[in-house]
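Here is what each chain is made of, one letter per residue.
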Amino acid sequence: MSTHVQKPGWFTVNVFNRVVAWMTRRGISVWGSRVLAVRGRKSGQWRTTPVNLLTLDGKQYLVAPRGHVQWTHNMRAAGGGELHLGKRVDTFTAAEVADDDKTPILRAYLKRWKAEVGVFFNGVGPDSPDAELRRIAPDHPVFEITPAN
């Protein structure tokens, strides 16, 4: 398994993520944004972070553009969590997608959010060949989520 991680900069942590999370908590989705809540694998405490929810062919996915970050480790341990949009809370279970199955998901994710997250994909974009998307797949965890309610 890849250990690829791109840590966010000061602006992302202190401005961008906070603004997106604030808007999302008030029910304003920014291009599919949600606040992900997942229990910490060590503490058991709820941890939150803004994410982009991708819907593709009737299925929903969470993609980690920055790689194997804390929420991905927690998601593997917890097997699910909650997505918040305003007062709405959707509980879900999660299954990690195999690297060989990520190509269409990564392509769709990049088509929708390349302007926001493209820098984390090292020059690979939505129009890149399948081989390039498969090459970077191990660096970007993807979870298929299934609503629990």
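See the structure shown above.
Description of the structure in this document. In this text, all values refer to a predicted model and were calculated from it rather than measured experimentally.

Glancing now at the pattern of salt bridges. With the rule as written, the count across this model stands at 5 salt bridges. Note that Asp90 is salt-bridged to Arg88, the shortest N-O span being 3.0 Å. Relative accessible area serves as the criterion here: at 24%, Asp90 is assigned to the partly exposed category. What makes Arg88 exposed here is its relative accessible area of 55%. As a salt-bridge pair, Asp130 and Arg107 come within 2.4 Å of each other at their nearest N and O atoms. With a gap of 23 residues between them, Asp130 in helix H4 (residues 130-136) and Arg107 in helix H3 (residues 103-117) connect regions that are remote in the sequence. Overall, the relative accessible area of 39% leaves Asp130 in the partly exposed class.

Relative to the elements of secondary structure, Thr103 occurs in helix H3. Since its relative accessible area comes to 8%, Thr103 is described here as buried. The residues contacting Thr103, other than those within four sequence positions of it, are Asp130, Leu133 and Arg134.

The next subject is unusual backbone geometry. Although it is not a glycine, Asp57 adopts a positive phi angle of roughly 50°. One can find Asp57 in the loop between strand E2 (46-56) and strand E3 (59-63). Among the residues examined, Asp57 registers a relative accessible area of 74% and is labelled exposed. Even without being a glycine, Asn122 presents a positive backbone phi close to 50°. Along the chain, the position of Asn122 falls in the loop between H3 and H4.

Conventions and cut-offs
- Residues numbered from 1 in each chain as written.
- Predicted model: local features only at pLDDT ≥ 70, side-chain atom pairs only at ≥ 80, totals over all residues.
- Heavy atoms only, no water.
- Salt bridge = Lys/Arg side-chain N within 4 Å of Asp/Glu carboxyl O.
- Buried < 20%, exposed > 50% of the residue type's maximum accessible area, 1.4 Å probe, protein only.
- Helix = DSSP H or I, 4+ residues; strand = E, 2+ residues; numbered from the N terminus.
- Contact = heavy atoms within 4.5 Å.

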